[in-house]
There are 2 protein chains.
Amino acid sequence: MVFSTLVLNDETPIYEQIEQHLEKAIKVGALIKDSKLPSTREVSTVLGVSRNTVLTAYENLESRGIIYSIKGKGSFVKLEAKNKDEVVLLNWKERMSDYGKTCETMDIIKTEYRYEKGMISFKSIAPEGSLFDVEEFKRAFLEIMALEGEKLLNYGYAKGYRSLIDYLMQYMAGKGVDIKGKDILITNGFTEGLDILLSTYTRPGDVILCEEPTHHTTIKMMRAYGIKIVGIPIDKQGVKLKELEAAIKTYAPKWVYLTPSYQNPTGIVMSGERRRAVYNLLCQYEVPCMEDGFNEELLYSGSHVMPLIALEGSSNHIIYLGSLSKILFPGLRLGWIMADKACIDTLESVKRAKNIHTSFLDQAVFMQYMKSGAFERYVKKVKKYYRDKYLFVKAHIKKYIPYQKLWGEGGLHIYIDLAEEIDTRELLRRCYARGVLFMPGDIFRTDGQRTSGLRLGFARLQDEEIIKGLKILGEEIQTLLKQTNHCK
Amino acid sequence: MVFSTLVLNDETPIYEQIEQHLEKAIKVGALIKDSKLPSTREVSTVLGVSRNTVLTAYENLESRGIIYSIKGKGSFVKLEAKNKDEVVLLNWKERMSDYGKTCETMDIIKTEYRYEKGMISFKSIAPEGSLFDVEEFKRAFLEIMALEGEKLLNYGYAKGYRSLIDYLMQYMAGKGVDIKGKDILITNGFTEGLDILLSTYTRPGDVILCEEPTHHTTIKMMRAYGIKIVGIPIDKQGVKLKELEAAIKTYAPKWVYLTPSYQNPTGIVMSGERRRAVYNLLCQYEVPCMEDGFNEELLYSGSHVMPLIALEGSSNHIIYLGSLSKILFPGLRLGWIMADKACIDTLESVKRAKNIHTSFLDQAVFMQYMKSGAFERYVKKVKKYYRDKYLFVKAHIKKYIPYQKLWGEGGLHIYIDLAEEIDTRELLRRCYARGVLFMPGDIFRTDGQRTSGLRLGFARLQDEEIIKGLKILGEEIQTLLKQTNHCK
């Protein structure tokens with residue numbers, strides 16, 4: 001009998017296994033066209049499963065056109081066995097896991113408007129490449145190759161290039177971190193750091209609390225891992241305390257994810273007092289926190305604020321995700337995770353299982369570059385450059401854009417709220433037609449809801465482009481405002 | 001009441017949620033020491049769950065020393081609320097996901113004997129770095145930096161560096177692949193390629209068939225993803241056909257994973273006829289295959305054999321994982337996936353969600369290096385070098401080692417079976433004490449069972465080290481053989 005070769009497993013629904021088994025038997029010609037299938041009763045006995053389960057399988061096969069049934073007579077094979085030489089193409093889109101599906105459907109590069117040459121794009125928050133010290137970088141390459149050439153091109157270590165780790169430990173100590181119980185893992189940028197953390201310390205269904213709105217890549221990645229994301233409202237000081245505490249009590253979250261500096265997308269810098277209060281809450285409820293160090297190097301606000309991980313002293317609640325990609329060499333994909341030693345020890349094994357290690361050449365050249373003092377000079381230079389640019393954009397937003405609220409204090413982007421009646425998706429459609437692109441606020445919402453907010457990234461735009469783009473944006477907002485007023 | 005703030009979720013067992021909720025309430029001082037807890041009956045009514053569930057939670061809390069009960073009176077808080085200023089350290093090892101746990105427990109770098117200076121290690125199959133054309137590589141760097149400097153250091157594209165993709169498409173066409181419906185994604189080495197595939201196209205409980213024995217990193221990664229691995233026996237031609245077909249029928253596997261060239265660990269090259277027969281089977285049953293291109297560039301066997309992906313013509317069952325890391329610049333972590341266009345389209349989104357893209361600098365320099373013709377010259381040189389080394393090792397194994405069977409035809413490693421009564425773990429312990437390391441066969445078994453096999457990697461050893469190491473290995477085998485004969 002056709003079912004004698006079927007061994008049932010525990011993971012796939014039984015009816016699905018029966019369905020697949022029969023489909024295969026038919027396709028390879030083990031069951032030929034118009035031959036009678038065993039009755040559902042027989043199958044249920046042979047496999048020791050309920051008759052309803054078998055019925056479901058048969059019904060599915062019938063609705064898919066693989067078998068047919070004649071009342072009172074039973075079920076029969078409808079499909080011809082395929083010709084032996086026939087090439088059957090696999091449908092790859094049907095074979096995706098939920099993880100793969102989410103990565104694809106939430107991939108904004110594929111789903112949002114694409115930049116085309118000549119357009120003015122406020123979408124990106126990538127840094128301006130002409131600021132990079134390319135000559136300094138070349139020098140660093142030649143120096144380190146002369147010293148360690150073939151060693152750098154052979155296998156390295158999962159945790160990272162030793163002297164880069166040491167450098168970053170001191171770098172973090174300089175931010176006020178008590179580095180005694182801490183260690184560092186080098187990653188392929190912030191994104192891989194978050195990927196490693198999510199796969200190591202979460203399981204589907206876990207709750208993570210985030211600022212609302214927050215970084216869209218984070219939202220996508222968490223959703224792909226089956227995480228329930230709960231957004232916590234923010235004010236000018238950062239995430240709201242009462243709401244954060246209430247959510248901790250309600251959801252018993254596995255993690256809190258925060259971006260304290262020039263938050264993405266709002267540009268808010270969490271104040272020193274708020275950081276302390278948030279840290280105390282995390283400790284009180286023993287909730288660990290992923291601190292996204294995004295844009296921290298750019299901070300040009302008046303008072304010096306410390307990262308959360310610097311507040312915890314010898315405790316171990318905060319895992320810090322560092323990256324310089326927002327200002328320096330994002331093409332290299334270099335980032336780091338700083339955390340408790342026991343934590344990094346586990347993450348090292350996970351890194352090894354994911355891709356063995358980050359390019360040793362890149363780590364070594366980067367380290368050589370940092371050591372030369374070029375980094376400090378560079379940061380000083382770009383801080384001024386981007387601050388001037390920020391002020392320029394802000395001034396022109398005030399001039400051209402009828403906004404309701406302008407969030408944040410700096411960074412490579414500005415977030416504004418428009419009048420509530422403006423649909424930023426409709427606005428984007430109109431602006432795109434005139435060659436102007438921006439990020440509509442719904443992209444950053446944990447619930448994906450439409451908002452009247454939008455993010456304007458400006459690092460790579462020329463002053464004239466900024467003026468021209470903001471004028472167009474302002475005109476289209478005016479048009480929409482008139483239309484909605486007209487409709488009232 | 002303490003339970004009024006608890007909102008139950010569907011993912012975690014209810015008793016666990018009750019347990020966690022109470023523990024937290026006690027720790028933060030919402031319930032103080034010696035206060036009475038609500039009765040299990042009350043809790044069951046308030047939450048609408050069975051009384052047994054609540055009882056389980058209370059019992060667990062009692063056995064963990066958090067509450068105590070007095071017969072006839074009820075349950076009471078035992079633990080003091082923690083002092084507000086007390087630093088409570090999180091236990092990170094307890095917070096790992098199953099994925100993280102598996103990556104850590106199967107991390108052979110952590111669990112196996114470590115190399116120490118002065119030892120002779122047959123463990124590694126990393127290439128010999130002194131063969132790398134470091135000067136040629138430097139030249140390639142300076143050339144491409146002069147052309148594209150700052151562009152390479154800024155963000156690139158998830159799929160990869162365009163001209164490297166084009167180069168690899170032609171490279172694969174040169175292996176006989178019909179590239180019309182195919183595309184390529186650049187990855188951080190083979191390991192990331194496999195990681196991307198597993199997360200995109202499998203779910204826990206899926207069955208994957210592999211050669212038995214097979215690559216230990218593959219076993220680890222599949223286990224971490226919750227895959228059931230079924231090993232298929234091999235002979236001198238490669239994976240056995242009847243056993244493969246029987247397993248396909250029995251397990252309805254999601255994938256077959258194969259390493260046709262200088263297989264790891266056996267060094268077997270799957271014959272041309274076997275490749276064709278395996279491919280036909282895969283098609284017949286519509287099972288897709290991950291083809292690990294491991295060591296393919298090293299092939300110095302007489303007859304030219306084509307990769308499986310070259311056999312499929314315009315079909316799309318094979319996903320090819322390419323990497324040059326076994327011969328060239330493994331420190332850069334460069335690899336690629338070649339597959340059906342629809343498949344690469346999805347994988348591109350997954351790559352973006354995992355780490356945005358592979359270092360553009362590395363891709364561009366590597367490409368420049370390849371273009372210069374240096375690669376062809378290099379491959380020619382190392383083929384000869386490693387073949388000579390292989391023959392040298394083989395000759396000395398024959399001289400010093402009382403083996404039962406010597407597998408394979410080449411590569412950077414040799415696999416041998418010893419007399420069945422030899423426990424290679426005991427052998428390794430003894431050899432390690434004398435400064436010699438190798439890979440015991442159980443590491444490559446899908447079931448982890450002890451075997452009398454072992455893998456000897458030799459690429460980075462000097463001739464004298466090889467002779468010295470094999471002598472020691474041979475002596476220790478002789479000693480063990482005498483012992484077991486003595487016991488008989």
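Shown above is the structure to which this text applies.
Given the structure is predicted, the values throughout are model-derived calculations rather than measurements.

The rules behind these values
Residues numbered from 1 in each chain as written. Chains lettered and ligands numbered in written order. Predicted model: local features only at pLDDT ≥ 70, side-chain atom pairs only at ≥ 80, totals over all residues. Heavy atoms only, no water. Pairing = 2+ DSSP bridges. Helix = DSSP H or I, 4+ residues; strand = E, 2+ residues; numbered from the N terminus. Buried < 20%, exposed > 50% of the residue type's maximum accessible area, 1.4 Å probe, protein only. Axes fitted to C-alpha atoms, helices over the stretch in contact; angles between N-to-C directions. Parallel < 35°, antiparallel > 145°, perpendicular 65-115°, else oblique. Left-handed = near helix turned anticlockwise from the far one by under 90°. Contact = heavy atoms within 4.5 Å. Nonpolar A, V, L, I, M, F, W, Y, C, P; charged D, E, K, R; others polar. Core = buried A, V, L, I, M, F, W, Y, C linked by side-chain atoms within 4.5 Å. Salt bridge = Lys/Arg side-chain N within 4 Å of Asp/Glu carboxyl O. Buried area = accessible area lost by both parts, 1.4 Å probe. Polar contact = N/O pair within 3.5 Å; in protein donor to acceptor, adjacent residues only side chain to side chain. 1 Å grid on protein atoms, 1.4 Å probe; cavity = no way out; pocket = protein on both sides within 12 Å on 5 of 7 lines; lining within 4 Å. Points joined across faces, edges and corners; volume = space filled by probe spheres on them.

Caption draft 1: Inspection of the sheet that holds strand β4 (residues 182–187) of chain A at higher detail. Strand order in the open sheet formed by 8 strands is β4-β11-β10-β9-β8-β5-β6-β7 (chain A), and the pairing between neighbours is mixed. Two strands close off the open sheet at either side, each with one partner strand: β4 and β7 (238–239) of chain A.

Caption draft 2: Spotlight on the pairing of strand β11 (residues 335–340) of chain A. Residues and elements named next belong to chain A. Judged by how many residues are buried, β11 sits mostly within the fold: 6 of 6 residues are covered. Sheet analysis places β4 next to β11, joined by 6 bridges and oriented antiparallel. Across the sheet, residue Leu-185 finds its bridge partner in β11, namely Ile-337. Examined bridge by bridge, strand β10 (residues 318–323) and β11 share 4 bridges and lie antiparallel to one another. In the sheet register, Leu-321 faces β11, and the bridge partner there is Ile-337.

Caption draft 3: Up close: the packing of helix α2 (residues 40–47) of chain B against helix α3 (residues 51–63) of chain B. All names here are of chain B. Across the interface, α2 lies against α3 with an axial gap of 8 Å and an inter-helix angle of 125°. In terms of axis orientation, α2 runs oblique to α3. In the crossing of α2 with α3, the sense of the turn from one axis to the other is right-handed. Between α2, through Thr-40, Arg-41, Val-43 and Ser-44, and α3, the contact on the second element is made entirely by Arg-51, Val-54, Leu-55 and Tyr-58. Grouping the constituent residues of the contact of α2 with α3 by class yields 4 nonpolar, 2 polar and 2 charged.

Caption draft 4: Region of interest: the nonpolar core. Counting residues in each nonpolar core, the largest one holds 165 residues, and the members touching the most others are Leu-328, Trp-336 and Phe-375 of chain A together with Leu-328 of chain B. In terms of nonpolar packing, the next biggest core, distinct from the first, is built from 66 residues, Cys-103, Ile-208 and Ile-229 of chain A together with Phe-190 of chain B among them.

Caption draft 5: Up close: the pattern of salt bridges. Scanning the model with the defined rule gives 74 salt bridges over all chains in all. Among the salt bridges present, the one from Asp-442 of chain B reaches Arg-425 of chain B, with a minimum N-O distance of 2.8 Å. A residue pair is termed long-range when its members are at least 10 positions apart, and Asp-442 of chain B in the loop between β15 (439–440) and β16 (453–457) and Arg-425 of chain B in helix α16 (residues 424–433) qualify at 17 residues. Judged by relative accessible area, Asp-442 of chain B falls into the buried class, the value being 11%. What you see here is one network of salt bridges that share partners, running through Glu-426, Arg-429, Arg-430, Arg-434, Glu-475 and Glu-476 of chain A.

Caption draft 6: Structural view of the interface of chain B and chain A. Each partner contributes residues to the interface: chain B has 100 residues there, and chain A has 100 residues. Interface of chain B and chain A: buried area, both sides summed, is about 8800 Å²; carbon and sulfur atoms make up 58% of it. Ranking the residues of chain B by area buried against chain A places Trp-92, Leu-153 and Tyr-155 of chain B at the top, with a combined share of 9%. Our enumeration of links across chain B and chain A arrives at 8 salt bridges. Of the charged contacts in the structure, one is a salt bridge between Glu-16 of chain B and Arg-203 of chain A, with a shortest N-O distance of 3.7 Å. Between the two partners, chain B and chain A, sit 38 residue pairs in polar contact (both at pLDDT 80 or more). Split by residue class, the side of chain B that touches chain A holds 42 nonpolar, 28 polar and 30 charged.

Caption draft 7: Geometry of empty space enclosed by the protein. All names here are of chain A. Applying the stated rule across the entire model yields 9 cavities of 30 Å³ or more. One number sums up the size of the largest cavity: a volume of about 70 Å³. Across the lining of the largest cavity, the residue classes break down as 2 nonpolar, 7 polar and 4 charged. When its volume is computed, the second largest cavity comes out at roughly 50 Å³. Elements with a contribution of two residues or more to the lining of the second largest cavity: α7 (162–173) and β11.

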